[in-house]
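Each chain, written out:
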Amino acid sequence: MNRRNFLKKGLGLGGAALVAPAIVSNTMASSMELNLYAWSDYISEDMIKAFEKETGIKVNLTTYGSNDEVLNKLRASKGKGFDIVMPSVTYGQQWYKHRLLQPLDLTKLDVAGCEKSMWDSSASFGGEFRGKRYIVPFNWGTEAITVNTEKIDAKANEVSYGDLWKDNLDSKVTVRAHSSLIGVGLYLDRIGKVKSNRMFDTYKDEQTMRDIYSKITDYMIEHKNNIRQFWSNAQETTNAFMQNGCVIGQTWDGPAMRMMSETNGKIKFMAPKEGAITWMDGMAIPKGAKNVSAAYAWINWYYNGGKSGAMHANASGYNSCAAGASKYLSAQAKTNFEEAYPGDAIKNLWWYPEEPTWFVTVRNEFRDKLLAAGV
């Protein structure tokens, strides 16, 4: 199943029919601005130039490296300072708890410009709250295994999250602290050592999560000598492999896909047998946004025919949720995707569920325990 078929088939989740759009005019006053707060490797200079040329709206880009960072920034400003933010859709409950986003007027959006499967599934993942839409899909991506193939012989669908903790990898591994707990949990569940229903039981209630995460954290601390560095953003991932001597890691697909291209395949990104950990990031308008018309113009520009989405996908290595983007992907992007997800890898994706309001606080406790153990 390739990228295009995956988007056509969707995630097996139902949803409402798409709303007919009333698109914001592309002719905007040249004095308008858009204050965009995005993940550090999402918005390329080409995207900004194309949007500014088409709409006349000046883009002021600020970047961040984690969901916690952008949420805390907007909490401190009480939802002011930016016109578009890009939270992970499953993180929506954290935003709704603090009332930081405004509901979207779907009559102002080109909803049909979003892949229908992504639009429908994003509602149950956290894009809707109390019957109103707050977050719309921007892209989707995975966290899986990145390997220096000159040092390790590995193949997609055969490699495992458990391979990071083998005895011969002292100070050769890079992971992100909180999401590596999920990877280890999926591995331990697969081999029958820690039963967790593929980690979905950890989202049921706090006590169940604590019981499972305690065992996972203990396992990681026991194998901590394998970790050379923790990464927290795309640049740190690249540095781990290109400068700091890491040969294997659990990483985002974006920086890994870019390294695949830059190293002629020496660095490879591959889905493990437990399933690539999969997320969807979105676009939302904070409640204190000053340039709301410009925010709608940005969303509609991204959803307009697929070229804008492909511009993002080709530059970043992630996957666009814009309808038609797959038609404009570069040959290199298509090749990287097929190599990373062969066979039934797409069917085996592990999608992040919506995170309850208590989940992040508890998860961060175990993340901090792991970081405090040292490497």
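Residues numbered from 1 in each chain as written. Predicted model: local features only at pLDDT ≥ 70, side-chain atom pairs only at ≥ 80, totals over all residues. Heavy atoms only, no water.

1. Here we look at the overall build of the chain
To keep it simple, the criterion reads: Elements are defined by DSSP. Helices are runs of H or I of four residues or more, strands are runs of E of two residues or more, and each kind is numbered from the N terminus. For the radius of gyration, the atoms used are the C-alpha atoms, and the globule rule reads 2.2 Å times the number of residues raised to 0.38. Categorising residues by exposure relies on relative accessible area from a 1.4 Å probe, with only protein chains included: less than 20% of the type maximum marks a residue as buried, more than 50% marks it as exposed, and the intermediate range marks it as partly exposed. For this analysis, residues touch if any pair of their heavy atoms sits within 4.5 Å. Residues scored as positive are Lys and Arg, those scored as negative are Asp and Glu, and His as well as the terminal groups of each chain are ignored. A single reference atom marks each charge: NZ on Lys, CZ on Arg, CG on Asp, CD on Glu.
Counting its regular elements, the chain contains 13 helices and 13 strands. A compact globule built from 375 residues would reach a C-alpha radius of gyration of about 21 Å, and the chain, at 20 Å, matches this within 12%. Taken over 375 residues, the chain has a buried fraction of 57%. Taking the intrachain contacts of the chain between residues at least 6 apart in sequence as the baseline, contacts between residues at least 24 apart amount to 79%. Averaging the positions of the 45 positive and the 40 negative side-chain charges in the chain gives two centres separated by 3 Å.

2. A few points about the side chain of Thr238
By the secondary structure assignment, Thr238 is in helix α8 (residues 234-242). On the basis of relative accessibility, which here comes to 18%, the residue Thr238 falls in the buried class. Look past the residues within four positions of Thr238 in its chain and what remains in contact with it is Gln243, Pro255 and Met259.

3. Let's talk about the confidence of the model for the chain
Let me state the cut-off plainly: Confidence scores here are pLDDT values: one per residue, from the predictor, ranging 0 to 100.
The share of residues in the chain with pLDDT of 70 or more is 91%, and the mean pLDDT across the chain is 93. In the model, residues 12-29 has pLDDT below 50 throughout and makes 35 contacts with residues more than four positions away in sequence or in other chains.

4. Description of the pattern of salt bridges
For the record, the criterion: By definition, a salt bridge exists where a carboxyl oxygen of Asp or Glu is found within 4 Å of a side-chain nitrogen of Lys or Arg.
Under the defined criterion, the tally for this structure stands at 13 salt bridges. Between Arg210 and Glu206 there is a salt bridge, and its shortest N-O distance comes to 3.1 Å. You can see Arg210 and its partner Glu206 sitting in helix α7 (residues 206-222), four residues apart, about one turn around the helix. You can call Glu206 partly exposed: its relative accessible area is 34%. The closest approach of N and O atoms between Glu365 and Arg210, which form a salt bridge, is 2.9 Å. With Glu365 in helix α13 (residues 359-372) and Arg210 in helix α7, the pair connects residues that are 155 residues apart, well separated along the chain.

5. Quick look at the packing of aromatic side chains
The cut-off we apply is this: Each aromatic pair joins two rings of Phe, Tyr and Trp (for Trp, the six-membered one) with centres within 6.5 Å, and gets the label stacked for planes under 30 degrees apart, edge-to-face for over 60, and tilted for any other angle. Throughout this description, the term charge over a ring refers to an Arg CZ or Lys NZ atom that lies within 6 Å of the ring centre and within 35 degrees of the ring normal.
Summed over all chains, the structure comprises 28 aromatic pairs. Aromatic side chains Phe138 and Tyr302 sit 4.3 Å apart centroid to centroid with 25° between the ring planes, which places their arrangement in the stacked category. Of this pair, Phe138 sits in strand β6 (residues 136-148) while Tyr302 is found in helix α10 (residues 292-302), placing the two residues 164 residues apart along the sequence. You can call Phe138 buried: its relative accessible area is 0%. Each residue in the set Tyr37, Trp39, Tyr42, Tyr64, Phe82, Phe138, Trp231, Trp252, Trp279, Tyr302, Tyr303 and Tyr318 is aromatic and connected to the rest through ring pairs, giving one cluster. Stacked on the ring of Trp119, the Lys or Arg Arg133 has its end atom at 4.2 Å from the ring centre.

6. Comments concerning α7
What counts here: Helix span, expected: 1.5 Å multiplied by one less than the number of residues in the helix. Contacts described as polar in this section are N or O atom pairs within 3.5 Å, which, within protein, must combine one atom able to donate a hydrogen with one able to accept it, while residues neighboring in sequence count only if both atoms come from side chains.
Between its first and last C-alpha atoms α7 spans 24 Å; for 17 residues at 1.5 Å apiece the expected length is 24 Å, and the two agree. Regarding α7, the residues found buried are Met209, Ile212, Tyr213, Ile216, Thr217, Tyr219 and Met220. Check the buried side of α7 and you find it contacts α6 (177-190), β8 (227-230) and α13. Taking the backbone nitrogen of Gln207 as reference, a side-chain oxygen 3.2 Å away marks Asp205 as the first, capping residue of α7.

7. Comments concerning empty space enclosed by the protein
Where we set the bar: A cavity here means a set of points on a 1 Å grid, drawn over the protein atoms and nothing else, where a 1.4 Å probe fits but cannot get out; a pocket is an open set with protein on both sides within 12 Å along at least five of seven lines, and a residue lines either one if it has an atom within 4 Å of a point. Grid points are joined across faces, edges and corners, and a volume is the space filled by probe spheres set on the points. Residue polarity is assigned by list, with Asp, Glu, Lys and Arg as charged and Ala, Val, Leu, Ile, Met, Phe, Trp, Tyr, Cys and Pro as nonpolar; anything else, Gly included, falls into the polar class.
Applying the stated rule across the entire model yields one cavity of 30 Å³ or more. In this structure, the largest cavity encloses a volume near 30 Å³. What lines the largest cavity is simply Thr90, Phe125, Thr278, Trp279, Met280, Trp351 and Tyr352. A per-element tally of the lining of the largest cavity places strand β11 (residues 277-283) first, with three residues. Class assignment of the residues belonging to the lining of the largest cavity gives a composition of five nonpolar, two polar and no charged.

8. A closer look at the environment of Met209
With respect to the helices and strands, Met209 occurs in helix α7. Each C-alpha atom of the pair Met209 and Phe359 lies 8.4 Å from the other, and the pair is 150 residues apart in sequence. What Met209 contacts, discounting residues up to four positions off in sequence, is Thr202, Trp358, Phe359, Val362 and Arg363.

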